[in-house]
Amino acid sequence: MRLLVKAPAKINLSLDVLHKRPDGYHEVKMVMTTIDLADRVELAPLASDTIQIISHNRFVPDDHRNLAYQAAKLLKETFGVRKGVAISITKTIPVAAGLAGGSSDAAATLRGLNKLWQLGLTIDELAELGAKIGSDVSFCVYGGTALATGRGEKIEHLPAPPPCWVILAKPTIGVSTAEVYRNLNVQRTFHPDVDGMVQAIKDRDYERICSLVGNTLEDVTLKMHPEVAHIKEQMKRFGADAVLMSGSGPTVFGLVQYDSRLQRIYNGLRGFCDQVFAVRLLGERNSFD
Ligand SMILES: C[C@](O)(CO)[C@H](O)COP(=O)(O)OP(=O)(O)OC[C@H]1O[C@@H](n2ccc(N)nc2=O)[C@H](O)[C@@H]1O
Ligand SMILES: Nc1ncnc2c1ncn2[C@@H]1O[C@H](COP(=O)(O)OP(=O)(O)OP(=O)(O)O)[C@@H](O)[C@H]1O
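Since we're looking at a predicted model, the values are computed, not measured.

So, the sheet that holds strand 9 (residues 242–245)
Hydrogen bonds between backbone atoms are what pair the strands of a sheet, whose relative direction is either parallel or antiparallel.
Here's step 1: Within the open sheet, the 4 strands sit side by side as 9-10-7-11. Their pairing is antiparallel. The open sheet terminates on both sides in strands that have one partner only, identified here as strand 9 and strand 11 (275–280). On average, each strand axis in the sheet is inclined to that of its neighbour by 20°, with strand direction left out of account.
Here's step 2: Relative to strand 10 (residues 252–256), strand 7 (residues 165–170) runs antiparallel, the two being bridged by 5 bridges. Note on strand 10: the bridge partner recorded for Ile 167 is Gly 254.

This is the structure:
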């Protein structure tokens, strides 16, 4: 049996960093939501007891460094599985972009292998295991919309925000999440109103959601890569309702409610940015199939 699993990207509508912890990670408080831009993860049983990664993207490792590999290894070791699997990853989510592509591939692998190997784990158990792979993996196991705290692995589910378009523009640079956190001075930085964002989502108030988007990590990445600020300015100028960098960047997203404006913004950005996507905000859990 071969299994095809969808691995959607996330954006951070609000991301606050509270303080650095003794373990080196940062305590965060953020609102994340899934969007309709997804990698395809295909799982096929192997006769030998090995994990094989097939990826045709030169930026994606095809060995133990791949987060999907780490997900399979974690399940094998934790539950004593003596079976092999070939994991074929077709990337659509840009790499090192702030969209949790690798984390979502790992989450899809956890969900898929739970079925393929008939492990009978609950979604909460899979999310807990996911946290061992990376801070964004727990959220990606569930998808939907959530308030994430701790180092990002404590998930409180939220209703979906009102439907809208999400325009994404990624400059041709990759950003290291570790480096962005390292360059952050938590005391002297902007802190968005995350509680306000949670309330606005519960109230399904699109205008308030747009007015409250904010990301503590944005200033750090903008200083390192001024082209991200340029994309932000252009997206605002072309008429997006709200504009923000996602995660540690460098992808910038814009929220747009009216179809009539979408084409104009998309075309405008395509003029100077290679990777531009217009997708729907998913926001609902279980939108993987
Ligand atoms: C920027 C975000 O994507 C926002 O959703 C996440 O906070 C990062 O999630 P991630 O890429 O899954 O991060 P991990 O793979 O767990 O960690 C990568 C590196 O980022 C830093 N890191 C990450 C998460 C966090 N809460 N504090 C940190 O300081 C650490 O230096 C860590 O070594
Ligand atoms: N399945 C994978 N897909 C993409 N990159 C992967 C994968 N597994 C490991 N990596 C490595 O992880 C690095 C970060 O990639 P990824 O696309 O997950 O970043 P990101 O979108 O910024 O993540 P996040 O938003 O969670 O910080 C890449 O440079 C790559 O070397």
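Quick word on the layout of surface pockets
Here's step 1: For the largest pocket, the calculated volume is near 1100 Å³.
Here's step 2: Ser 103, Asp 136, Thr 177, Ala 178 and Ser 248 are the residues nearest the centre of the largest pocket, which is lined by 44 residues in total.
Here's step 3: Sorting the residues of the lining of the largest pocket by element identifies strand 1 (3–20), strand 2 (26–46), helix 2 (101–116) and helix 5 (177–182) as the ones contributing at least two each.
Here's step 4: Grouping the amino acids of the lining of the largest pocket by side-chain chemistry returns 21 nonpolar, 15 polar and 8 charged.
Here's step 5: Shared between two domains, the lining of the largest pocket takes at least three residues from each, and those domains are domain 1 (3–158) and domain 2 (165–280).

A few points about the site of ligand 2
Here's step 1: In the region of ligand 2, 20 residues are neighbours, and Lys 91, Ala 96, Gly 102, Asp 105 and Asp 136 sit closest.
Here's step 2: In this structure, Ala 100 approaches ligand 2 through a main-chain N or O atom, which is 2.9 Å from an oxygen atom.
Here's step 3: Residue Ser 103 places a side-chain N or O atom 3.5 Å away from an oxygen atom belonging to ligand 2.
Here's step 4: The pocket occupied by ligand 2, as judged from atoms lying within 2 Å of grid points, is the largest pocket.
Here's step 5: In terms of residue count, the dominant contributor to the shell around ligand 2 is helix 2 (4 residues).
Here's step 6: Looking at side-chain class alone, the shell around ligand 2 contains 9 nonpolar, 6 polar and 5 charged residues.

Remarks on the packing of helix 9 (residues 226–238) against helix 10 (residues 259–270)
Here's step 1: Two elements in contact, helix 9 and helix 10, have axes separated by 9 Å at closest approach and are oriented at 150°. Note on packing geometry: the crossing formed by helix 9 with helix 10 is right-handed. Touching Ile 231, Gln 234, Met 235, Arg 237 and Phe 238 of helix 9 are Arg 264, Ile 265, Gly 268 and Leu 269, all from helix 10.

Considerations on the nonpolar core
Here's step 1: Ranked by size, the top nonpolar core spans 67 residues in total, and within it Leu 43, Val 85, Ile 87, Met 235 and Leu 269 carry the most contacts.
Here's step 2: Each of domain 1 (3–158) and domain 2 (165–280) accounts for three or more of the residues forming this core.
Here's step 3: Excluding residues that lie within four positions of it along the chain, Leu 269 makes contacts with Ile 167, Ala 169, Ile 231, Gln 234, Met 235, Phe 238 and Val 276.
Here's step 4: Of all hydrophobic cores here, the second largest spans 31 residues; its members include Ala 9, Tyr 206, Phe 253 and Leu 255.

Reading the values: the criteria
- Residues numbered from 1 in each chain as written.
- Chains lettered and ligands numbered in written order.
- Predicted model: local features only at pLDDT ≥ 70, side-chain atom pairs only at ≥ 80, totals over all residues.
- Heavy atoms only, no water.
- Pairing = 2+ DSSP bridges.
- Helix = DSSP H or I, 4+ residues; strand = E, 2+ residues; numbered from the N terminus.
- Axes fitted to C-alpha atoms, helices over the stretch in contact; angles between N-to-C directions.
- 1 Å grid on protein atoms, 1.4 Å probe; cavity = no way out; pocket = protein on both sides within 12 Å on 5 of 7 lines; lining within 4 Å.
- Points joined across faces, edges and corners; volume = space filled by probe spheres on them.
- Nonpolar A, V, L, I, M, F, W, Y, C, P; charged D, E, K, R; others polar.
- Domains from an automatic or database assignment.
- Near = heavy atom within 4 Å.
- Polar contact = N/O pair within 3.5 Å; in protein donor to acceptor, adjacent residues only side chain to side chain.
- Sits in = over half its atoms within 2 Å of the grid points.
- Left-handed = near helix turned anticlockwise from the far one by under 90°.
- Contact = heavy atoms within 4.5 Å.
- Core = buried A, V, L, I, M, F, W, Y, C linked by side-chain atoms within 4.5 Å.
- Buried < 20%, exposed > 50% of the residue type's maximum accessible area, 1.4 Å probe, protein only.

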